[in-house]
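# Close look at the chain arrangement
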Amino acid sequence: MGGTGVTPAPWTVPELTGAGRVPMHSVPHLDRVDLDGRWRFQLLPRPDAPLAQAWSEAEVPGCWTMQGFFDKPQYTNVQMPFPGLPPSIPSENPTGVYEREVEVPAAWAGRRVVLHVGAAESVLLAEVNGQAVGFSKDSHLAAEFDVTALATAGPNRIRLTVVKWSDATYIEDQDQWWHAGITRSVFLYATDAVHLADIRAVPGLADDLTTGTLDVVVQVDWSGTTATEGWQVDLRVEDGEAELARLTASVPGGEAPDEGPTSPAERDLVAHRAAGGPIGAHERDVLLPSIMARLLPPTSGQVAGCLTLPGIEPWTGEVPRLYGVRVTLRAPDGAVVEEARLRVGFRRVEVVGRDLLLNGRRVLLHGINRHDFDPHTGRVVSAASMRADVILMKRFGFNAVRTSHYPNDPAFLDLCDELGLYVIGEADIESHAFWGSLCDDPRYLEAWVSRVARMALRDKNHPSLVVWSLGNESGYGRNHEAAAAWLRRYDGSRPLHYEGAIRFDWGSPQDVSDITSPMYPPISALAEHAASGLQRHPLIMCEYSHAMGNSNGTLAEYWDVIERTPGLQGGFIWEWFDHGLEQQLPDGSTRYAYGGDFGDQPNDDDFCLDGLLFPDRLPKPALWEHRHLAAPVRVRATTEMLADRRVEVENRGEVLSLDRLEATWDLAVEGRSVASGDLALPPVAPGARAVVTVPWQSPADAGDGERWLSLRFRTADASAWAPAGFEVACAQFPLDQPAASRHRQSPGAATSGEVVVDAAGLLVHPDLVASPTLSLWRAPTDNDRIGGVAARWEAWGLDHLTRELVDVERARGRLVVRSAYTTAAGHRVAHRQTLMARPGGAIEVREEATLPVALEDVARVGTVGEIAAGLEDLTWFGAGPHETYPDRVRGGLIGRWHGTVVEQTVPYIRPQENGGHAGVRWLELRGADGRGLRLVLDRPRQASVTHYRDADLARARHFNELRPQGAAVFHLDAAHRGLGTASCGPDTLPGYLVGPGRYRWSWRLEPIGPA
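Residues numbered from 1 in each chain as written. Predicted model: local features only at pLDDT ≥ 70, side-chain atom pairs only at ≥ 80, totals over all residues. Heavy atoms only, no water.

### Points about the overall build of the protein
- From N to C terminus, the protein includes 14 helices and 56 strands.
- Its C-alpha atoms give the protein principal-axis dimensions of about 110 × 65 × 55 Å.
- Taken across its 1011 residues, the protein has 61% of its residues classed as buried.
- Within the protein, counting contacts between residues at least 6 apart in sequence, those at least 24 apart form 73% of the total.
- With the model as given, the accessible surface of the protein reaches about 35,800 Å², and the carbon-plus-sulfur share is 52%. (Helix = DSSP H or I, 4+ residues; strand = E, 2+ residues; numbered from the N terminus. Buried < 20%, exposed > 50% of the residue type's maximum accessible area, 1.4 Å probe, protein only. Contact = heavy atoms within 4.5 Å. Areas by Shrake-Rupley, 256 points an atom, 1.4 Å probe, with all protein chains shown as cover.)

### Considering empty space enclosed by the protein
- Here the structure, examined in full by the defined rule, presents 15 cavities of 30 Å³ or more.
- Each pocket or cavity is described by its volume, and for the second largest cavity that value is around 60 Å³.
- Around the second largest cavity sit Glu913, Asn914, Ser944, Thr946, Tyr948, Asp950, Leu953, Val969 and His971, which together line it.
- Only strand E54 (932–946), helix H14 (950–955) and strand E55 (968–976) provide two or more residues apiece to the lining of the second largest cavity.
- Counted by class, the lining of the second largest cavity contains 3 nonpolar, 4 polar and 2 charged residues. (1 Å grid on protein atoms, 1.4 Å probe; cavity = no way out; pocket = protein on both sides within 12 Å on 5 of 7 lines; lining within 4 Å. Points joined across faces, edges and corners; volume = space filled by probe spheres on them. Nonpolar A, V, L, I, M, F, W, Y, C, P; charged D, E, K, R; others polar.)

### Some words on the confidence of the model for the protein
- Summing up the model confidence of the protein, the mean pLDDT is 94 and the portion of residues at 70 or higher is 94%.
- pLDDT under 50 marks residues 1–6. Its contacts with residues more than four places away, or in other chains, come to 21 contacts. (pLDDT = per-residue confidence, 0-100.)

### So, the side chain of serine 545
- By the element assignment, serine 545 lies in the loop between strand E32 (539–544) and helix H8 (555–564).
- A relative accessible area of 0% means that serine 545 is categorised as buried.
- At a separation of 2.8 Å, a polar atom in the side chain of serine 545 contacts the side chain of asparagine 552.
- What serine 545 contacts, discounting residues up to four positions off in sequence, is Tyr520, Asn552, Leu555, Ile573, Trp574 and Thr981. (Polar contact = N/O pair within 3.5 Å; in protein donor to acceptor, adjacent residues only side chain to side chain.)

### Thoughts on the state of the cysteines
- Summed over the entire model, instances satisfying the criterion amount to 0 disulfides.
- Summary of cysteine pairing: cysteine 439 is not part of a disulfide, and the nearest cysteine sulfur, belonging to cysteine 542, is at 16 Å. (Disulfide = S-S within 2.5 Å.)

### Concerning the sheet that holds strand E24 (residues 355–358)
- Strand order in this open sheet of 3 strands is E23-E24-E25, and the pairing throughout is antiparallel. A single partner strand is all that each edge strand has here, and the edge strands are strand E23 (349–352) and strand E25 (361–362).
- Bridging between E24 and E25 involves 2 bridges; their strand directions are antiparallel. Directly across from leucine 357, in E25, lies its bridge partner arginine 362. (Pairing = 2+ DSSP bridges.)

### Some details on the sheet that holds strand E17 (residues 212–221)
- The 3 strands are arranged E16-E17-E20 in an open sheet whose pairing can be described as antiparallel. Of all strands in the sheet, those with a lone pairing partner are strand E16 (195–205) and strand E20 (302–309), marking the two edges. Going across the sheet, the axis of each strand differs from the next one's by a mean of 15 degrees, ignoring polarity.
- In this sheet, E20 lies alongside E17 in antiparallel orientation, the contact comprising 8 bridges. Note on E20: the bridge partner recorded for leucine 214 is leucine 307. (Axes fitted to C-alpha atoms, helices over the stretch in contact; angles between N-to-C directions.)

### Some words on the nonpolar core
- Residues Trp486, Leu711 and Phe713 are the most contacted members of the largest nonpolar core, which totals 127 residues.
- Looking at this core, the element that brings in the most residues is helix H5 (residues 445–459), giving 9 residues.
- Apart from residues no more than four positions distant in its own chain, phenylalanine 713 is found in contact with Val633, Val635, Leu661, Glu662, Ala663, Leu681, Phe726, Glu727, Val728 and Ala729.
- With 51 residues, the next largest nonpolar core counts Leu774, Leu798, Leu855 and Phe970 among its residues. (Core = buried A, V, L, I, M, F, W, Y, C linked by side-chain atoms within 4.5 Å.)

### Re helix H6 (residues 478–490)
- Over its 13 residues, H6 runs 18 Å from end to end, which matches the ideal 18 Å to within 8%, given 1.5 Å per residue.
- Looking at H6, one finds that the buried residues are Asn479, His480, Ala482, Ala483, Ala484, Trp486, Leu487 and Tyr490. (Expected span 1.5 Å × (residues − 1).)

### Quick look at the pairing of strand E52 (residues 893–900)
- With 6 of 8 residues buried, E52 lies mostly within the body of the structure.
- Across 8 bridges, the pairing between strand E51 (residues 873–880) and E52 is antiparallel. Bridging across to E52, phenylalanine 877 finds its partner in arginine 896.

Here it is in structure tokens:
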């Protein structure tokens, strides 16, 4: 707002959001000079510090916080990175000065020249040849400046000054690493004086859902000169080389839009504020009409129309069909002055009752929240890594993404268009630390409306973008209402979302938000609201299932209630990445750093490590749980159906028939495949079901043991996100009950040898270096620690058990050891261990523990011990191959899995409980000679084998601090607590808690010879 000379410090005045900027648009001007690369650079301690004689260099795009300068990354969640009240900022305010020469092509002589800066955090000031051209205040959207009057043929000096802290920092408080620098590409581009200023080509579908519509507005600008007659715009919709529709129209005259204040009253207010005077709430009404009008495209110079295209193939997330749009600007003599090409997809988005309909269909949104993030470069993300993100999202069943909490790099939206993801496009607004005030502060009105408007002006043509978001965690006030009013006036083709408008009353009128979008609600609250009669809109959780560390417990239970409840339509997991930054340590090693690791104060510790991917983009085990729940095919079968070799398959896709997939079956006995074959899939339509026959046969020599039937579904053809033969789903069914007692001997069975215990009554065995003892504790997960349960465990003293031998009784071939475990807080747990020698040197161990009422919620009840070093090869029969837990088990498959003990550790950046496997029947450890040890459980239970003790995991703050044991530490649990998501959201469900009472479990230790 205002001209470039209004104030010497625009970073201190919230009303000043930018000056000299070219209005935001979506025209790809391709006559460019790329300016990415090494720039001369100085990092000053504050904006008014003098430049030094010597310059260093910095990479553009790049965060200077990641390039070795004195200003380092800082992580905060809600709290601001510095003290004070808005809009005050620290006097010490790192300021980067970038400079370079650029050769303007001689062919550009007489043409319009524009400087494009893709993004700068947080305030950008631009100069060309020593003359200021404008400034911009928005860290995640581009700023463009018309530099025609200053740029000359030959060498030109460009200087970009970036000020880190500003009044706008208060509305970019987005649970993030604070960086600074130029974070997206910089270039110059040229157009003729008369040029395409903007293209609005918003596609839709008519009521028949097969006729495409294209609302078109082409803006032509004369660069402030007087318009002449005879200019023409020609717009073609194309499918390859074939023309599907055409619009040709003459361009009416007009003048360039003005980004500055337009009314005398507004100019007076700006001058008053720049001089230090406040703008009160009563003056908001003076500002608002001008702001609203100025941010809308001018009516002059427009060519508008609506094209109708019958028989169009709709764009969907499953089949992202794109068509070309070619826009040509012709001079009065017919010469082509400029041509621009876009890609559009025809789809329809609407809210009808309690449903968000996409092409007339209610689609469940399996969504994910995503920041622009890279562990090496911070906010700077390459096109290759963005493509890898989208491909991985597709492969793990996501069909939607929310650009939390700002517009992502535009290349990301291009990929969502191409590969098929539904996008909630979110404005760059979050005032979390001042949640309830800035949203009603008239000083920030311009920032609110302009950020929402500029986002929409940039991203309007993307078919993948189906919902606009007004920002995140910024309370709810008149600034939101103004932004929503502008957006509804500009683009009625998409609904609006804003969680803050419904936070405290899901049944409120919700005039701003068309979607009820709670954060981290309990599962019970979802069903209760849907049944209350108060639900007004579709309920889609914008954040749920916080993926911090070993987490995402009860994800399946969320989806159970979503799928069976009308009005519930999915949600967006928080979030995609662990935001650990690669940090080199003094010894030359590296680690992933979190809050405080750079000496940053204040900070919010490791709360940034809350993604389904590690920073290097390797999946966490929880991602497999999501893939299973979001699978495009669902299989059901009763015991009777399986006996008849029949299953029911459901097509959970949007458009394609189920026969787009290939299926196979496999019959396994005791985890070993004994028969397999192909399974023909009928052409089941989306949403439909069919019963198919699975022609499995059990060979006569299949042997005894549990029989499991597995069905695998793979892509029949290659796509842009997966090769042919890529597995997208797997279903598994037991054909008989688990043989729970198969490995147990009766009390009267013959024995060989005797059980040996030491003076304390603890088992002595040549393969054990630590005798089996009772365990009630686990190394706290992030959910345990932040949710408060770990503090209770510590108060109860579960991590420090003292064992007291009560007595040892030997009778009838068994040894009964009674003991008492006392916690550090004095809680007493009675424990009995019955030891029996079995044939072949085996030992059977039966255990019983009784927890007092005071221990109402413990981590586990089970056995812990250590096996001698050298037995590294691991095989287990149970859920796998990845880590599973009682409330996160559906993504695992029951089978015979192989690996090493080392491979069982999941390297969560902050160490915690990990490596567990649910439903384990037995496990084997072998050495290089094939000899080893087998542990057999009485029934399927939670078990783990790693090289780390719980106390070591709990003590370490980073994975690189851990030193593995030579021994293998094993846990065999009678019961294990669920994971939940209590670091931000609900804890696990009551059924997954481990409370007081009596627990019984048994297991057997068997020596095994060479395999």
